[in-house]
Amino acid sequence: MIAALDIGGTKIAGALVDRDGVLVHRARRTTPAQEPADALLASVYEVVSALADSPLWGRVQALGIGSAGPIDLAHGTVSPVNIPAWRAFPLIESVGRHPALAHRQVTLTGDAVAMAAAEHRHGAARGHRNALCLVVSTGVGAGLVLNGSVHHGLTGNAGHLGHISVDFDGEPCPCGARGCLETIASGTAITRQALALGWQAPPAVDAAGVAAAARAGDTAALAAFDRAARALAAGIAATAAMIEIDIAVVGGGVAQSGEVLFEPLARHLRRYAAMPFLRELRAVPAELGPDAGLVGAAVLASAGVPAPAAVLAEGNR
């Protein structure tokens, strides 16, 4: 049994995960994203304590953490864009001080890399030695599987497709670059584009609302999704040309839009993946849904991640 945490800007989720990737006990707290660092850590501790209250806790061998990034594997720190109080925050060391984690290894990975690990072991990328797995939500994250193994990169942020430029003259991105994929294909960007094109939004303005309008034939909503799909296709095709991935797996909230996203994505991918060695490339929906981050964090914790991204908790370092 492996314990897992999935830390993001809106929620801190935890679970006990068995060897088949099944979540057998859960806990969850809302992320106090605008609170001081200690308040954030206290919420993480609450989730760990809730997991430790399970009668299964004695079987837990390690804790895997999938966190919003960027992360720094060399120092065990995180600096999530959507959690301002955590800048170079020593997450492994801090979480490892929880009494329930004594003598248990704590590992860290980025949330999108965790999703890639989950989909490769238990989901849509099973059987593929080279894959790109994307989380398209309020942002765009991604992780890589190369030669059958999850690829972390030097800092743990390899495969961060959301911040490659697909529009040299595009709008500025909060990361400091211009025309990033995230500025076009994220749920936030899709909503903003639909409104700019004249979409008459209902009271709840989000990508799910745009998707519903697109399914009903709204031209502005359809155009916003087509633009996002074209940007995603360009990014996926560029990645495939570089490293010859077998498949692109797309998850996250925007992927729940279904054919509104995947039909234009397939169409544009055929245009951009034009080289003969890319003709079999396809993009498919993720299979594990919102649990992918937890499952992937557990997968990587059970396998061990590159040192020094793992440490033993207080009492057994």
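Residues numbered from 1 in each chain as written. Predicted model: local features only at pLDDT ≥ 70, side-chain atom pairs only at ≥ 80, totals over all residues. Heavy atoms only, no water.

A.B. asks: Could you clarify how one ought to interpret the sheet that holds strand β13 (residues 283–285) in this entry?
C.D. replies: Strand pairing in a sheet relies on backbone hydrogen bonds. The paired strands run either parallel or antiparallel. Ordered by their spatial adjacency, five strands build an open sheet running β11-β10-β9-β12-β13, and the pairing between neighbours is mixed. Among the strands making up the open sheet, the edge pair consists of β11 (149–151) and β13. Averaged over all pairs of adjacent strands, the angle between strand axes in this sheet comes to 30°, irrespective of strand direction. Bridge analysis of strand β10 (residues 140–146) against β11 gives three bridges, and the strand direction is antiparallel. (Pairing = 2+ DSSP bridges. Helix = DSSP H or I, 4+ residues; strand = E, 2+ residues; numbered from the N terminus. Axes fitted to C-alpha atoms, helices over the stretch in contact; angles between N-to-C directions.)

A.B. asks: Which parts of the structure should I look at to understand the pattern of salt bridges?
C.D. replies: Here the idea is simple: oppositely charged side chains can pair when their charged atoms come close. What the rule picks out here adds up to eight salt bridges. In this structure, Arg29 engages Glu46 in a salt bridge whose closest nitrogen and oxygen atoms are separated by 3.0 Å. Of this pair, Arg29 sits in strand β3 (residues 23–30) while Glu46 is found in helix α1 (residues 37–52), placing the two residues 17 residues apart along the sequence. According to the relative accessible area criterion, Arg29 is partly exposed, its value standing at 32%. A residue is classified by how much of its surface remains accessible, and Glu46, at 39% relative accessible area, is partly exposed. With a closest N to O distance of 3.4 Å, Glu287 and Arg126 form a salt bridge. One end of the pair, Glu287, is in the loop between β13 and α9 (292–303); the other, Arg126, is in the loop between α3 (111–122) and β9 (131–136), with 161 residues separating them in the sequence. Glu287 sits in the partly exposed class, given a relative accessible area of 48%. Residues participating in the shared-partner salt-bridge network are Asp226, Glu263 and Arg267. (Salt bridge = Lys/Arg side-chain N within 4 Å of Asp/Glu carboxyl O. Buried < 20%, exposed > 50% of the residue type's maximum accessible area, 1.4 Å probe, protein only.)

A.B. asks: Got a minute to help me understand the packing of aromatic side chains in this structure?
C.D. replies: Any pair of aromatic rings gets described here by the distance separating the centres and the angle formed by the planes. This model, assessed by the stated rule, comprises one aromatic pair. For the pair Trp86 and Phe89, a centre-to-centre distance of 4.6 Å together with 10° between the ring planes defines the contact as stacked. Of the two residues examined, Trp86 and Phe89, each falls in the buried class. Taking NZ or CZ as reference, Arg271 lies 5.6 Å from the ring centre of Tyr272, over its face. (Phe/Tyr/Trp six-rings, centres within 6.5 Å; stacked < 30°, edge-to-face > 60°. Lys NZ or Arg CZ within 6 Å of the ring centre and 35° of its normal.)

A.B. asks: For this particular structure, what's the right way to read helix α8 (residues 259–272)?
C.D. replies: Think of an α-helix as 3.6 residues a turn; residues three or four steps apart then line up on the same face. With 14 residues, α8 should reach 20 Å at 1.5 Å per residue; the first-to-last C-alpha distance of 19 Å fits that figure. Of all the positions in α8, only Val260, Leu261, Phe262, Pro264, Leu265, His268 and Leu269 are classed as buried. Buried-residue contacts for α8 involve α6 (207–215), α7 (219–243), β12 (247–251) and β13. (Expected span 1.5 Å × (residues − 1). Contact = heavy atoms within 4.5 Å.)

A.B. asks: Honestly, the packing of helix α5 (residues 187–196) against α7 in this entry has me stumped. Any pointers?
C.D. replies: Put simply, α5 and α7 touch, their axes get as near as 8 Å, and they point 140° apart. By the angle between their directions, the pair α5 and α7 is classed as oblique. Between α5 and α7 lies a crossing of right-handed hand. Side by side, α5 and α7 meet where Ile190, Gln193 and Ala194 of the first sit next to Ala220, Ala221, Ala224, Phe225, Arg227 and Ala228 of the second. (Parallel < 35°, antiparallel > 145°, perpendicular 65-115°, else oblique. Left-handed = near helix turned anticlockwise from the far one by under 90°.)

A.B. asks: Sorry if this is basic, but what is going on with the confidence of the model for the protein chain here?
C.D. replies: Close inspection of predicted coordinates is inappropriate for parts of the model with low pLDDT. Predicted confidence across the protein chain gives a mean pLDDT of 92, with 96% of residues reaching 70 or more. Throughout residues 306–317 the model reports pLDDT below 50, and contacts reaching past four residues in sequence, or to other chains, amount to 33 contacts. (pLDDT = per-residue confidence, 0-100.)

A.B. asks: Hey, could you run me through the side chain of His268 in this one?
C.D. replies: Along the chain, His268 falls in helix α8. What His268 contacts, discounting residues up to four positions off in sequence, is Asp226, Ala229, Arg230 and Ala233.

A.B. asks: Is there a simple way to explain the nonpolar core in this structure?
C.D. replies: The nonpolar side chains of a soluble globular protein tend to be buried with one another. Core analysis: the largest hydrophobic core is formed by 43 residues, its most contacted members being Leu134, Phe225 and Ile236. With 12 residues, α7 is the largest single contributor of residues to this core. Beyond its immediate chain neighbours, meaning those up to four positions away, Ile236 contacts Leu132, Leu134, Leu161, Ile245, Ala248, Leu265, Leu269 and Leu281. (Core = buried A, V, L, I, M, F, W, Y, C linked by side-chain atoms within 4.5 Å.)

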